[in-house]
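Here is how the chains run, residue by residue.
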Amino acid sequence: MVLTDLQPGKRATITNISMMSDILKQRLIDMGVHEGEEVCVKCTMPFGGPVMVEVAGQCICLRRKEAACIGVE
Amino acid sequence: MSQIALFGNPNTGKTSLFNNLTGSYEYVGNWSGVTVEKKVGILRSRDAYVVDLPGVYSLHPLSRDEGVATDFLLTESFSTILNIVDASQLKRNLHLTIQLLEFGKPLVIALNMIDVAERRGMKIDVKKLADRFGVPVVPVVARIGKGMDELTEKLRSVEQTKPFTLTYDDVIETAIATISSYLPDDIERSKRWLALQCLEGNERVYEYLRAKIALEPILAIRKQTEESIRQLPHGRSLRERLHHFRETFIEAVLEDVVVWTEKRSLTWTEKIDAIVTNKYLGMPIFLFFMYVMFMLTFDWLGSPLADLLDQFFSGPLTDTLSRLLTAMGASGFLQELVLNGIVSGVGGVLVFVPQIFILFFFISLLEDSGYMARVAMVMDRLMEAIGLNGKSFIPMIIGFGCNVPGVMAARTIEQPRERLLTILLLPLMSCSARLPVYALFVGAFFKAHQAAVVFSLYVLGIVVALLLAKLFSSTILKNEHSMFVIELPPYRMPQALTLWRSTWDKGKGFVRKAGTFIFGGSVAIWLLSYAGPKGLHVSMDDSFLAAIGGVLAPILAPLGFGTWQAGAALLTGFLAKEVVVSTMNIIYHVKDTDTLQGLMAHYFTPLSAFSFMAFVLLYVPCLATVATIRKETGSTKWTLFAIGYALAIAYIISFLIYEGGKWLGLS
Ligand SMILES: Nc1nc2c(ncn2[C@@H]2O[C@H](COP(=O)(O)OP(=O)(O)OP(=O)(O)O)[C@@H](O)[C@H]2O)c(=O)[nH]1
Ligand SMILES: [Mg+2]
């Protein structure tokens, strides 16, 4: 399952971030988004806009196609 | 004098702390990437310099502003690192702390946002934290200046203790040892730190080393280490592996140091977010906010205040000055210069100070509340469609205040092409300097719909910028890979003092400009209007100014304002856009804004007035913006492009407005 499949408000654990581009991966790891961390989808913007997720007590916003590269369970 | 450098994650309160330590008023705001360049101040006790730097997540920079911090570590000499750590985000913040400790300079940790952490139910054992890292830790609340004395004390007494070393696994340790042995002995930075940064793949460090040694062996070791690590069961990259070790260490420390007293309930940030970043309401709420801002600036509050000021300038002030000048026995020339040149020119712009301060107040409110990053998020979909990303919208909003800091703020955009495109389009954002021009014209021609007409100009600027972004990004500035990740900070109640300071700080620039550029411009314009080819004290139509403006008049005729007055005003507007108003005041030789507005009806129709306003909005960026664009892009070619396309688009749009309007039967 990937992050975008997650229902808003539900929690899951990140299992795989290796599918992302390097620069993006670095940014997300630096922000605390990495394997083993818990995520929760807060909301999604219309027309395929970005998603807002909560990781380790902070909110981060990223594009939907990039969120689709994050495997969760 | 010793130098203390401030390092920390973005938006952790570095600048707030800097302001408190040094008594300065640097730019504070509630989003990541407020500070984009190095700022130096002097400690209140006057015995050390303090350097504020842009926030970074790690020492491996991805954007231009982050590069400033890493470059500082590599190239400047300083004595102490002050690491600001956000107590409510300890885990993430401490990654940077470890990297800074590995750097090996004396370090003090300022544990900031203690108030937020406590509200979330975190209790932090400061003493234990200090023990585990072997450095002083001082709890502070940078926002209100709590803990400053203790911090200053610790900064003064901190000494190099035994270096902090985090031990990684054998593969990595071997690589560190091999790389260190390659590094020359006289190198000024810690070898272990350099080796670790090489393993992280930090390009800035590569560059730094390339100047001293051949890099190939190091890159080879890195590659080899990367491969051995991929062989390991979980198959992570080297960088992730390093991160993993730090994370394990930090988790162990936090286990020991942090006690959670209560489970947190829904915070009010989440409640507000449910509304303002709502799927369907997000965009309308933003537009509504903008609308209220315009109504207050132009209709409800700003205009009445400006009128009062205008009455004061044209009445009591002019009378007093003229009596004073007569009493001093000033010559006719001097009297005219002061009253018709300076008072009309400078005063004509200063009357709009109330409106400008109201606008700045709203921009500061937007900056300090935490809404800024949400706007970026709400706008991202639209921005993506035109080849930019949501982050570009932040410089644009700042640009509504003044284009210069807007251009600077584009530094936080990671992709160079998106950054360049944002810089190029930024001058189309209607800055506060254009506001006096609008205020003058809408007061004369659109009395009933002032706010709506001005709002339409702001929208025009944005729409033109978006269309051009689409055009440029699909032709000359094709982007390889767009990205958008932004941190959404918790909302914070803006403090009255901070709001006032940042409003004043922006407004000050405007008032200062009135005393310099506009003053000088007014004197020059008045002299040009006073002198002519036939001598001094000529009638205005025979002056040099008329001659110069007259050259432009025929070119401007298709746009509806082919008079030498308009030509002269536009020409001088390149200095600063407010000067357009000064010039008009001087040329039409009037005492107050009301009379000027009455007189303008002879030279403009509502349609040509609108066309003129659109032209002022779009044509060439002002001098200061041009200089900043040159500095930030480092390219004369792109600077000229920014001027050229703006002129062209201004001409086309004004032409369409005027001819289209005539065709529709408007006048
Ligand atoms: N509640 C609380 N808010 C704080 C504290 N310190 C700073 N802030 C707020 O945090 C926000 C960020 O402050 P800045 O000083 O601009 O942060 P910065 O680290 O310089 O940010 P960048 O320059 O973007 O890296 C502002 O809204 C401050 O008012 C604190 O101790 N408690
Ligand atoms: Mg700052």
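Chain B has the name Ferrous iron transport protein B in an unreviewed UniProt entry, where Anoxybacteroides voinovskiense is given as its organism. According to UniProt, the comment filed for chain B under the heading Function (unreviewed entry) is "Probable transporter of a GTP-driven Fe(2+) uptake system." The UniProt entry for chain B carries this comment under Sequence similarities (unreviewed entry): "Belongs to the TRAFAC class TrmE-Era-EngA-EngB-Septin-like GTPase superfamily. FeoB GTPase (TC 9.A.8) family."

An unreviewed UniProt entry annotates chain A as Ferrous iron transport protein A originating from Anoxybacteroides voinovskiense.

Q: Give me the lowdown on the pairing of strand 4 (residues 80-86) of chain B, citing residues and values where you can.
A: Each regular strand carries side chains that alternate between the two faces of the sheet. Residue and element names in this part refer to chain B. The buried fraction of strand 4 is high, at seven of seven residues. The side-chain alternation of strand 4 yields two buried faces, one formed by Thr80, Leu82, Ile84 and Asp86 and the other by Ile81, Asn83 and Val85. Across five bridges, the pairing between strand 1 (residues 2-8) and strand 4 is parallel. Bridging across to strand 4, Phe7 finds its partner in Asn83. Pairing between strand 4 and strand 5 (residues 107-112): six bridges, direction parallel.

Q: Give a detailed account of the coordination of the magnesium ion (ligand 2), specifying residues and quantitative values.
A: Ideal geometry at a metal centre gives angles of 109.5 degrees when four donors are arranged tetrahedrally and 90 or 180 degrees when six donors are arranged octahedrally. All names here are of chain B. Protein-derived ligands of the magnesium ion (ligand 2) are Thr15 (OG1) and Thr35 (OG1), with the metal-ligand distances lying across 1.9 to 2.0 Å. Of this pair, Thr15 sits in helix 1 (residues 14-22) while Thr35 sits in the loop between helix 1 and strand 2 (39-42); the two residues are 20 residues apart in sequence, bridging distant segments of the chain. The burial state of Thr15 is the same as that of Thr35; both residues are buried.

Q: Quick rundown of the domain arrangement of chain B? Include the residues and the values.
A: All names here are of chain B. You can read the domains of chain B as domain 1 (2-157) and domain 2 (170-260). For domain 1 versus domain 2, the distance between C-alpha centres works out to 24 Å. Taken together, the contact between domain 1 and domain 2 spans 28 residues of the former and 28 residues of the latter. Interface area, domain 1 with domain 2, both sides summed: about 2,700 Å², of which 62% is carbon and sulfur. For the domain 1 face of the interface with domain 2, the top three residues by lost area are His60, Leu74 and Arg132, together amounting to 26%. Along the contact surface separating domain 1 from domain 2 lie four salt bridges. Put simply, Lys91 and Glu251 hold a salt bridge, and the shortest N to O gap is 3.3 Å. If you look at where domain 1 meets domain 2, you find 17 residue pairs in polar contact (both at pLDDT 80 or more). Listing elements by their share of the side of domain 1 that touches domain 2, those giving two or more residues are helix 2 (64-75), helix 3 (90-103), strand 6 (122-124) and helix 5 (126-133). Looking at the side of domain 1 that touches domain 2, the element that brings in the most residues is helix 3, giving eight residues.

Q: Help me get a handle on the site of ligand 1, residues and values and all.
A: Residue and element names in this part refer to chain B. Taken together, 25 residues lie near ligand 1, and Lys14, Thr15, Ser16, Val34 and Thr35 sit nearest. Contacts to ligand 1 include Trp31, whose backbone N or O atom sits 3.3 Å from an oxygen atom. In this structure, an oxygen atom belonging to ligand 1 sits 3.4 Å away from a main-chain N or O atom of Met113. Burial of ligand 1 by the protein amounts to 99% of the accessible area it has alone, namely 650 Å². Mapped by element, the contributors of at least two residues to the shell around ligand 1 are helix 1 and helix 4 (114-119).

Q: Break down the interface of chain A and chain B for me, citing the residues and quoting the values.
A: Every contact between the two is made by 37 residues of chain A and, on the other side, 38 residues of chain B. Regarding the contact of chain A and chain B, the summed buried area is about 3,300 Å², with carbon and sulfur atoms giving 53% of it. Together, Gln26(A), Arg27(A) and Arg63(A) form the three largest contributors to the area buried by chain A at its contact with chain B, with a combined 22%. Our enumeration of links across chain A and chain B arrives at eight salt bridges. Residues Lys91(B) and Glu37(A) are paired through a salt bridge, measuring 3.3 Å at the closest nitrogen-oxygen approach. Examining the composition of the side of chain A that touches chain B, we find that nine residues originate from one element, helix 1 (residues 22-30) of chain A, more than from any other. Taken together, the residues that form the side of chain A that touches chain B break down as 17 nonpolar, nine polar and eleven charged. Here strand 4 (residues 58-62) of chain A pairs with strand 9 (residues 485-488) of chain B via four bridges, running antiparallel. Residue pairing for strand 9 of chain B: Leu62(A) is matched across the bridge by Val485(B).

Each value, and the rule that gives it
Residues numbered from 1 in each chain as written. Chains lettered and ligands numbered in written order. Predicted model: local features only at pLDDT ≥ 70, side-chain atom pairs only at ≥ 80, totals over all residues. Heavy atoms only, no water. UniProt positions renumbered as here; feature names shortened; annotations may be inferred. Buried < 20%, exposed > 50% of the residue type's maximum accessible area, 1.4 Å probe, protein only. Helix = DSSP H or I, 4+ residues; strand = E, 2+ residues; numbered from the N terminus. Pairing = 2+ DSSP bridges. Donors = N, O, S within 2.8 Å, 3.2 Å for Na, K, Ca; no water. Domains from an automatic or database assignment. Contact = heavy atoms within 4.5 Å. Buried area = accessible area lost by both parts, 1.4 Å probe. Salt bridge = Lys/Arg side-chain N within 4 Å of Asp/Glu carboxyl O. Polar contact = N/O pair within 3.5 Å; in protein donor to acceptor, adjacent residues only side chain to side chain. Near = heavy atom within 4 Å. Areas by Shrake-Rupley, 256 points an atom, 1.4 Å probe, with all protein chains shown as cover. Nonpolar A, V, L, I, M, F, W, Y, C, P; charged D, E, K, R; others polar.

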